[in-house]
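# Analysis of the macromolecular model
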Amino acid sequence: MSQVKSISGRGIPLVGNDIDTDRIIPARFLRCVTFDGLGAQVFADDRPQTQGQHPFDQPYYQGAEILVVNRNFGCGSSREHAPQAIAKWGIKALVGESFAEIFFGNCIAMGIPCVTAKPTDVQRLQEWLAAHPQTAIVLDLEAMHIQFGDSSIPVMMNEGSRNMFLSGTWDACGQLIAQADPIQQIAARLPYVGWSRSVASALSSQI
Amino acid sequence: MSKGTLFDKVWDLHTVSTLPSGQTQLFIGLHLIHEVTSPQAFAMLRERGLNVMFPERTIATVDHIVPTDNQARPFADDLAEEMMQALERNTQDTGITFYGIGSGNQGVVHVIAPEQGLTQPGMTIACGDSHTSTHGAFGAIAVGIGTSQVRDVLASQTLALSKLKVRKIEVNGTLPTGVYAKDVILHIIRTLGVTGGVGYAYEYAGTTFERMSMEERMTICNMSIEGGARCGYINPDEVTFEYLKGRDFAPKEIDWDQAVEWWTSLRSDADAEYDDVVVFDAAEIPPTVTWGITPGQGIAVNQAVPMPNALPENERSIAEEAYRYMDLQPGEPIAGTKVDVCFIGSCTNGRISDLREAAKIAKDRHVAEGVKAFVVPGSERVKQQAEAEGLDKIFQAAGFEWREPGCSMCLAMNPDKLVGRQISASSSNRNFKGRQGSASGRTLLMSPAMVAAAAVTGQVADVRELL
């Protein structure tokens, strides 16, 4: 699995608080058994409502890789379809004032860093990006800052998540499975695992 | 750091290891899956050549996409049919129990697990659905997860998680007449905000919750996520044990006695330490309705839509967005707002007690002209119970449609949707823009009794005047 130490690319600002996962990917697009087509459907309802002004529709933001958002981004449903849609559109990292917890966890599990910054810094970055949409910026997870033009702002991420990116262990699945013996030991110690086995055998003997 | 709470105890009992990142590897006692967030997880397992480690600890049902009128297979919607078939195939291939339509056990995943006694105190529970917090009503630690994490649970029965802080939310006293569990949680979210719970588990404590039934407690814990908290719970007590006793998957005979003892031992200690404590007085909680586009934008039913300058500065931009989207004017009373559609159902309020309360209002009245009102029971068992009590007849006589169980217009993945700028009175949990199936549709959240009151009056109405 790949280490993620820094991401450089053009940025795209998306201004607004409490942008929920229903807005990121409306529920009708969850009628699918793969994530493949979601990139084209990201913000499907928000975009037409802004009469072509939505950042994701602006020619100069096409190809952007770092999404800059405000407070409580990704609140609501646990649908991983939301970060998948954003990722399939081309985003590789997010910077925001704050993120909803399940959305943040989904991004980590997909290998997409979400870092937070002070509201005033986020707004400054968003304004700068609007003026310099074609200039690459750098999110540095080792130094924990973002460089844009001649400026730099500090960013934050909990240490555990940051370590997962720096060490390339953000996909936890392999590490989890490797603990098969301790997992069985914990299961054996939990009383309800035994009770449910008794119930299951009683139910099957009734049939 | 919290100490001695149920959250701490259950977390410790389920800790398998500390991962190199510092996160905890947590054993998941009960995994619930449905058709929307699981197909990609099974595909990931196949890609990696992984098996399901504990198939007996995962239970599947279908709820989000099921039509609530004509459920004949194949479904009219090809995509819904494809998802249904994927779930049937995936559960069959892996030996996971699947409760399909007509099994007698199908329904909204957060309704069926408790009613069958699958949800128990002291468990860790995960499901690819944010309203998994519902199961905390039993004193379980229950979290919503995404699809990659569904894969992790299928493959290892564990999750990589960071431990949460614990905030005790204490509500004491008797709720006034016409004030329901839904009003309590809407009031809490309105007060603490939609981001107030980020990083926290909410422990709901105090005499108000102690007096609530399990179904009311589920309504409370269900909407923890709307307050930003990934999980919420209530310490198990006699009400919990009484509810569980005799249910299909509840421990039996000598196991039962041991279970009660174990469950009791997990309760938060009297001297437990919390990261934060907030206290409310039940007497001050009004029938509450949302006016905006986040569940935190709530007001008492007899209040006016707030003026921008009455709101904290960081709430004003989202309020401006909400006035425009909802087409509601600040300073206008919310009562009297005309509604087009009334929806009673969902994992928040689709249980038998919710239908009983709504039926009390509907009885001997009639849905107002031009209003479409429908009731979607939370599960096949809820539907059967309601019909045994004649609630279906009360609703139908009043002009409500009586439907088959499913998530329905809570998130409108099935054919039940708002059209255009219609405005709904809804017993569900989210009033986000476009949530109920129309990109410009509008949602007012309230208790099921208040939805029934809106249906029969054609407008937002104070249920206390109809009791």
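Residues numbered from 1 in each chain as written. Chains lettered and ligands numbered in written order. Predicted model: local features only at pLDDT ≥ 70, side-chain atom pairs only at ≥ 80, totals over all residues. Heavy atoms only, no water.

## Thoughts on the sheet that holds strand β7 (residues 141-144) of chain B
Residue and element names in this part refer to chain B. What counts is decided by this rule: Following DSSP output, two strands are said to pair if at least two bridges run between them. A run of H or I in DSSP becomes a helix once it reaches four residues, and a run of E becomes a strand once it reaches two; helices and strands are each numbered from the N terminus. Angles here are taken between N-to-C directions and fall from 0 to 180 degrees, while the axes themselves are lines fitted to C-alpha atoms, restricted in helices to the stretch in contact. Whether two residues are in contact is decided by their heavy atoms, any of which lying within 4.5 Å being enough.
Pairing within the open sheet is parallel, and its five strands lie in the order β5-β4-β3-β6-β7. At either end of the open sheet lies a strand with only one pairing partner, and these are β5 (97-99) and β7. Neighbour to neighbour, the strand axes of the sheet diverge by 20° on average, direction disregarded. Here four bridges tie strand β6 (residues 124-127) to β7, and the two strands are oriented parallel to one another. Paired with Ala126 across the strands is Val143, a residue of β7. Helix-sheet contacts for helix α3 (residues 78-94) involve β3 (30-33), β4 (58-61) and β5, and the interaxial angle to β5 is about 150°.

## Observations regarding the interface of chain A and chain B
The condition that has to hold: Two parts lose some accessible area (1.4 Å probe) when they are put together, and adding that loss for both gives the buried area. Counted as a polar contact is a pair of N or O atoms within 3.5 Å, where, for protein atoms, one must be capable of donating a hydrogen and the other of accepting one, and residues adjacent in sequence contribute only when both atoms are in side chains.
Each side of the interface is counted separately: chain A has 55 residues, and chain B has 83 residues. Around 5,500 Å² of area is buried between chain A and chain B when both sides are counted, 60% of it from carbon and sulfur atoms. The largest contributions to the chain A side of the interface with chain B come from Arg31(A), Tyr192(A) and Trp195(A), which together make up 14% of the buried area. Scanning the region where chain A abuts chain B turns up 19 residue pairs in polar contact (both at pLDDT 80 or more). For the side of chain A that touches chain B, the element with the highest residue contribution is helix α9 (residues 191-206) of chain A, accounting for nine residues.

## Structural notes on the side chain of His34(B)
Residues and elements named next belong to chain B. Let me state the cut-off plainly: Buried means the residue's accessible area, taken with a 1.4 Å probe over protein chains only, is under 20% of the maximum for its type, while exposed means over 50%, and partly exposed covers the values in between.
Note that His34 resides in the loop between β3 and α2 (39-48). Classification of His34 by relative accessible area gives buried; the value is 1%. Among the polar contacts listed, one links the side chain of His34 to the backbone nitrogen of Val36, at a separation of 3.2 Å. Within the structure, the side chain of His34 is placed 3.4 Å from the side chain of Thr37, a separation counted as a polar contact. Excluding residues within four positions of it along the chain, His34 makes contact with Thr61, Asp63, His64, Leu87, Cys127, Gly128 and Asp129.

## With respect to the sheet that holds strand β12 (residues 276-281) of chain B
Residues and elements named next belong to chain B. The four strands are arranged β11-β10-β9-β12 in an open sheet whose pairing can be described as parallel. Looking at which strands have only one partner, the edges of the open sheet turn out to be β11 (231-233) and β12. With direction set aside, neighbouring strand axes in the sheet form an average angle of 20°. Direction of pairing for strand β9 (residues 165-172) relative to β12: parallel, over a ladder of six bridges. Its bridge partner being in β12, Lys168 is matched across the sheet by Val277. Helix-sheet contacts for helix α6 (residues 181-192) involve β9, β10 (200-205) and β12, and the interaxial angle to β12 is about 125°.

## Comments concerning the packing of α6(B) against helix α8 (residues 214-222) of chain B
Residues and elements named next belong to chain B. Keep this limit in mind: The scheme is simple: roughly parallel for angles under 35 degrees, roughly antiparallel for over 145, roughly perpendicular for 65 to 115, oblique for anything else. For a crossing to be left-handed, the near helix must be turned anticlockwise from the far one by less than a right angle; the clockwise case is right-handed. In the scheme used here, Gly and all other residues not listed as nonpolar or charged are polar, with Ala, Val, Leu, Ile, Met, Phe, Trp, Tyr, Cys and Pro taken as nonpolar and Asp, Glu, Lys and Arg as charged.
At a closest axis distance of 9 Å, the pairing of α6 and α8 adopts a crossing angle of 25°. As far as their axial angle goes, α8 and α6 are roughly parallel. Crossing of α6 over α8 shows right-handed handedness. Here Ala181, Lys182, Val184 and Ile185 of α6 lie close against α8, whose contacting residues are Glu216, Thr219 and Ile220. Residues belonging to the contact of α6 with α8 are distributed by class as follows: four nonpolar, one polar and two charged.

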